[in-house]
Amino acid sequence: MTSTDVRKEAEDSGPSGYAAARLRLLTEETRSGPPRRKALSQLTDDWLAGLFTAAAGATQGVSLVAVGGYGRGELSPRSDLDLLLLHDGGDPAEIAGLADRLWYPVWDLGLALDHSVRTPAEARKTAGEDLKVHLGLLDARHLAGDPAVTAALRTAALADWRNQAPKRLPQLQELCAERADRQGELQYLLEPDLKEARGGLRDATALRAVAASWLADAPREGLDDARRRLLDVRDALHLTTGRATDRLSLQEQDQVAAELGLLDADTLLRQVYEAARVISYASDVTWREVGRVLRSRAVRPRLRAMLGGGKPTAERSPLAEGVVEQDGEVVLARAARPERDPVLPLRAAAAAAQAGLPLSLHAVRRLAATVRPLPTPWPAEAREQLVTLLGSGRPTVDVWEALEAAGLITRLLPDWERVRCRPQRNAVHLWTVDRHLIETAVRASEFTRRVSRPDLLLVAALLHDIGKGWPGDHSVAGETIARDVAVRIGFDQADAAVLATLVRHHLLLVETATRRDLEDPATVHSVAEAVGSPGTLELLHALTEADALATGPAAWSSWRGSLVADLVKRVAAVLAGDEPEEPAAAAPTAEQERLAIEAAATGSPVLSLRAQTEPPADPAAGQAPGDPEPLGVELIVAVPDQPSVLPAVAGVLALHRLTVRTAELRAHDLPSGIDGSVLLLNWRVAAEYGSLPQAARLRADLVRALDGSLDITGRLAERDAAYPRRRGTVAPPARVTVAPAASRHATVIEVRAQDAPGLLLRIGRALEDAAVRVRSMHVSTLGANAVDAFYVTDDTGAPLPPGEAMAVARKLEETLRA
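All values derive from a computational prediction rather than experimental measurement.

*Asks:* I'm lost on the sheet that holds strand β2 (residues 81–87) in this one. Help?
*Replies:* Think of a sheet as strands paired side by side through backbone hydrogen bonds, with each pair either parallel or antiparallel. Here four strands make up an open sheet; going across it, the order is β3-β2-β1-β4 and the pairing mixed. Two strands lie at the open edges of the sheet, namely β3 (113–118) and β4 (141–145), each paired on one side alone. Neighbour-to-neighbour, the strand axes of this sheet turn through a mean angle of 25 degrees, independent of strand direction. Bridging between strand β1 (residues 62–66) and β2 involves five bridges; their strand directions are antiparallel. In the sheet register, V62 faces β2, and the bridge partner there is H87.

Here it is, written out as structure tokens:
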């Protein structure tokens, strides 16, 4: 059926015909995107025009006007109809009756309607008071009735907008900024709002409004295509959900991708991010131009008076060879010759970042159009300018995005294409892969005084996750890529090897520090062997912190920092030739001794809670002085030796919403003359939220858990039922492995699972059932992912035989997957 046939069916059959034709149009597989939006708008135009004609006849001085998104012809399947009934001030009763005859058929079909009834004067007055109303009138489109009334309002509204631009545009910019603060940046969100987030459809509409003011215009490259892409995604979202929503939720992304014919949800998000990036960059450039024009208008009269009426000349200050500052931007010098100077893009970018100024759009376009490729390997100046750019701190981000928008980054670093706009489906990460790499370089720039080779630190920060664009372990893939890139940009073989090592092992320190026993010499030796030299260790320590800080607040803490620093100190000693001593059984503290004796005397558990803080800052280690931060709370539990101690304690802590960070369990030898055996548990915990529970309450619940009168599993299930979690993506199944050669004194079983209340309880029960003893455990939680390492032995305190260890791991994995 053709578009003409669909419209004729709608006109002939009234509302029911329109509804049928609309449904048929939305379910046609051969028509989507702009053709469907245009057809839906035309179909709706014809139906509403028919309603108006039937209700108003040939009445003069009245018209029906589409405004806002409908005025632009951007009707998505569940879009509101933005309508204005415009009249010249005739009989109020007749106008009200006409409005009813228009609005009620729309409501009867269940369509969302945003409507108003105004005279042209009232419309202009309201627009003058309400910026959003004025924006809607800029897209006013005549539907039916007296076209002269519509044309007059449209002309007046545009004239008002242009006359009031110096006042209105700053208001619009502030509105966009407030919305961005509330909704975040579309190009980085896992569940973005396609309309309201920064870089979304609202911002694209704002750019149209700026252009309508004749004060400034947005860069056009890719802007229309980016807008079309977001509208296509919104159409698919409306069709798959059946709701008028602009939020692309995780559980709906696969369906939306399928509706658009895309490979998967990651492909969908990457396209959304690319579109948002184009709109965001265009917004930055446009608002900067608006500010420049408004400042110029304010200053020009005074300058003309000072110059005797002559035309002022913009001052140009040199920044680097071929690069100058003009009017708050970095531009190319008049003598610059990009076609003969392949280093110029990096030199201009480094100069801009060092000065904290934006690269002008004209300069970036000229560089992209004329510059020659760099030779391989790069000349020393090019490498130095890249390092300068990366070491410039926060301004690096905006300058890098300007180069990215012009396609210059992938020309300089072809491997960048695989990580550009690549989403990271992990709540811990705030950014896409490429933005995370730049953010890591920004963070690393703060640590350049701590290392002897800051150039290697900054380049490693830029490349550490470059392997995420390839299948398999991104650290392994990244090692090869980093080595190739290092040679291409001019590092010698020795430096390239260091960069490759840093990329390969950029997770080594934090994973080892939080998941392994640092008292075990095998742990320290394995890290020393991987790192190889004190210089590489120094760089890896700084890279580890920069990477974690750039990931998000959940990835770094004083506690993690103290563990990594402890590990680095031990590894540095080994690399210096000092062999770590075999760990001897630590002597109990006076507090532990007291609790153990009390537990033996009473035959019941006793415990203490004590807050811990980090040690004072060490300026010699590059640490800034400041108030000590809390590292958590030390929980010491002494329990008469009996079965099920680990699951009981873990369950009680889960009930009280205490997160376990580290834990150590060992038997304690009582002084002579005291019978019995006592288990000592020394754990570090932290409250999920709120204040810590009272020690007496914890002890009472632990007593009940051990004697079986407290149903921990049932209580946790009741709590989960009372506070159901939001439906989202299905978590991958738990994975349990045996870490080979991780310790000479115990078998290390590593558990990777979705974090949830009671996880340690389930693990503790499974290990109890397997008849193994837990010597210590190291808990690490990043977002929704728990990675826990358990040091286990047999009844004699020896490591498990390999076959038995694998059997325990398989049984534990089956338990957690059930």
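*Asks:* Could you clarify how one ought to interpret unusual backbone geometry in this entry?
*Replies:* Leaving glycine aside, a negative phi is the common case for residues, and trans is the common case for peptide bonds. Residue T376 is joined to P377 through a cis peptide bond whose omega torsion reads -5 degrees. Inspection of the secondary structure puts P377 in the loop between α14 (361–370) and α15 (380–390). Not every positive phi belongs to a glycine, and D327 is a case in point at roughly 55 degrees. Mapping D327 onto the fold places it in the loop between β6 (323–326) and β7 (329–332). We note that A771 has phi near 60 degrees; this positive angle belongs to a residue other than glycine. With respect to the element layout, A771 can be found in the loop between α30 (759–769) and β14 (773–782).

*Asks:* In this structure, what is going on with the packing of helix α18 (residues 433–444) against helix α24 (residues 534–551)? I would like to understand it.
*Replies:* Any two packed helices are characterised by the angle at which their axes cross and by the distance between the axes. At their nearest, the axes of α18 and α24 sit 8 Å apart, and the two run at 125 degrees to each other. Of the possible angle classes, the one that applies to α18 and α24 is oblique. Viewed along their axes, α18 and α24 form a crossing whose handedness is right-handed. The residues of α24 that touch α18, namely those facing H436, E439, T440, R443 and A444, are L543, A546, D547, L549, A550 and T551. Residue composition of the contact of α18 with α24, by class: five nonpolar, three polar and three charged.

*Asks:* In this structure, what is going on with the nonpolar core? I would like to understand it.
*Replies:* Nonpolar side chains tend toward joint burial in soluble globular proteins. Core analysis: the biggest nonpolar cluster contains 95 residues, and L359, W378, W400, L413 and W416 have the highest contact counts within it. By size, the runner-up hydrophobic cluster in this structure holds 52 residues, among which are V633, L698, A734 and I749.

*Asks:* Where do I start with helix α26 (residues 590–602) in this structure?
*Replies:* An α-helical turn contains 3.6 residues, so a residue and the one three or four places further along point in the same direction. The first and last C-alpha atoms of α26 sit 18 Å apart over 13 residues, in line with the 18 Å expected at 1.5 Å per residue. Among the residues making up α26, those that are buried are Q592, L595, A596 and A599. Taken end-on, α26 shows its buried residues confined to a sector of 100 degrees, consistent with a single buried face. For α26, the exposed residues lying more than 90 degrees away from the buried face are A590 and A601. Within two residues after α26, G603 carries a phi angle of roughly 70 degrees, on the positive side.

Rules and cut-offs
- Residues numbered from 1 in each chain as written.
- Predicted model: local features only at pLDDT ≥ 70, side-chain atom pairs only at ≥ 80, totals over all residues.
- Heavy atoms only, no water.
- Pairing = 2+ DSSP bridges.
- Helix = DSSP H or I, 4+ residues; strand = E, 2+ residues; numbered from the N terminus.
- Axes fitted to C-alpha atoms, helices over the stretch in contact; angles between N-to-C directions.
- Parallel < 35°, antiparallel > 145°, perpendicular 65-115°, else oblique.
- Left-handed = near helix turned anticlockwise from the far one by under 90°.
- Contact = heavy atoms within 4.5 Å.
- Nonpolar A, V, L, I, M, F, W, Y, C, P; charged D, E, K, R; others polar.
- Core = buried A, V, L, I, M, F, W, Y, C linked by side-chain atoms within 4.5 Å.
- Buried < 20%, exposed > 50% of the residue type's maximum accessible area, 1.4 Å probe, protein only.
- Expected span 1.5 Å × (residues − 1).
- Arc of directions from axis to C-beta.

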